[in-house]
Amino acid sequence: MNIKVLASLGVIVALLTAWLLVSLYSASRVEITPTQEAAVERSGGSLDAVLEGQSMGVSTSVDVANKDVKTSVTVAE
Amino acid sequence: MVESNNSNALTWVLGGALVLIGLVVVIMLVSVNSQADSVSTSTTVTNVAPTVDTLVLKDNGATVTGGGTLSLNAGTTESVTITGTVSDDNGVATSFASGDLSDIEGELYLTSLATAGCASGTTDNNQCYFTNGAANCVLGSTVDTTTINYTCTFSMQYYSDGTSTGGASAADTWTASVKVVDDASLAATLTQTFETGTLLALSIPATINYGTLAREQSTTNTNNQEMVITQYGNDGADVEVSGTTMPCSVVGTIPIANQKWSLTDLSAGAGGVTALSGVAVDTGFGIAYRTLDATALTKTLYWNIILPNVASGSCTGTDTITAIAS
């Protein structure tokens, strides 16, 4: 067999093998894009308390007003 | 001989060509099948309902376990939170605008009401607290791509119905509830019951000032002193009263019994008044549970005084008011 024919056949086989490998590699990369069926994008102290049992002292006060007392005396003659 | 050699070469070439054609056919078939696989990989992930994984009730930072008691704060609000995690297999994010979660709702309600009786917009501080949205029921950090922390915050009023002994709803319990909703309106809820403690607390004025009176003058229902006592808890309450003599700065002393108390607006000489004594006496005051959100609950204790013949100057003393259960 002519050596040139064999070389040509070898080149063709190599190219076809490369094509096969590239095709298989591409086919193995499967992209899965999940989609959600119903998903939608949306736009957007204590105070002064006296507790039970406690006592509170309450200041008491009263001011006694001065009351004028009228005095009088009758001097007997 | 030459013709024979040419015939052999042609045979080799034709054989090689047939092999090549076979290889090409095989490769094309493999290629076509491989491309078909990539086309059929588009898929749809079905929406699933979210879940509330955990619910932790906290009373001012302290954990309240299931059936435990939450203590209210006299005269003001108590900080109550519900924390935990929620999950959604469709994905979560730290904002309701992203991920699959659309809302988290938190509720505190009397168990007898059920959640339907405590929906959004029906807040009644005695028995129902509702919160949601970005302000009071917030998403926290993510645990992973499908689980996220949350916190719901409440300000529980001091007059919320007590479910412990003496409370307005002693036979009931409270329920803490968290509901998570996803973008498809699928929802899940988790609850925990708890009790609110009975809080007996009153706000009592610090002074009784009868003003300026003349010797032997008595107060009447026009100038007696009204002691307005405010409900600061969630329990009905009475008060006990006692007092001391009131020495005067110039001369004389006002005896304890010259001060008179009553539950209605009377004059010092009226039949319904009671003379103060040095021993604590239950007045039967009976302030009730507060039930209105808009208006504080108050009740008045009336005080009269009769000045003796011998007294001058400023007379002062101390009365003692004690809060007791009614």
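Note that this is a predicted model, so its numbers are computed, not measured.

Caption draft 1: Just the sheet that holds strand β14 (residues 225-231) of chain B, in detail. An order of β1(A)-β12(B)-β14(B)-β21(B)-β18(B)-β19(B) is seen for the six strands of this open sheet, with the pairing classed as antiparallel. A strand with exactly one partner marks an edge of an open sheet, and here the two such strands are β1 (49-51) of chain A together with β19 (274-275) of chain B. Where β14 of chain B meets strand β21 (residues 298-305) of chain B, six bridges bridge the pair, whose relative direction is antiparallel. For Val228 of chain B, the partnering residue across the bridge sits in β21 of chain B and is Thr300 of chain B.

Caption draft 2: Main features of the pairing of strand β17 (residues 251-254) of chain B. All names here are of chain B. As judged from the two bridges shared by strand β16 (residues 246-247) and β17, these two strands associate in the antiparallel manner. Considered in β17, the bridge of Pro247 is made with Thr253. Between β16 and β17, which pair antiparallel and follow one another directly, the connecting turn spans three residues. With two bridges connecting them, β17 and strand β22 (residues 311-325) associate as antiparallel partners. Paired with Val251 across the bridge in β22 is Ser312.

Caption draft 3: View of the domain arrangement of chain B. Residues and elements named next belong to chain B. Domain boundaries assigned for chain B yield domain 1 (51-196) and domain 2 (202-325). Placing a centre on the C-alpha atoms of domain 1 and another on those of domain 2 gives a separation of 44 Å. Taken residue by residue, the interface counts 14 residues in domain 1 and eleven residues in domain 2. Residues that form the side of domain 1 that touches domain 2 fall into these classes: five nonpolar, seven polar and two charged.

Rules used in this analysis
Residues numbered from 1 in each chain as written. Chains lettered and ligands numbered in written order. Predicted model: local features only at pLDDT ≥ 70, side-chain atom pairs only at ≥ 80, totals over all residues. Pairing = 2+ DSSP bridges. Helix = DSSP H or I, 4+ residues; strand = E, 2+ residues; numbered from the N terminus. Domains from an automatic or database assignment. Contact = placed C-beta atoms within 7 Å. Nonpolar A, V, L, I, M, F, W, Y, C, P; charged D, E, K, R; others polar.

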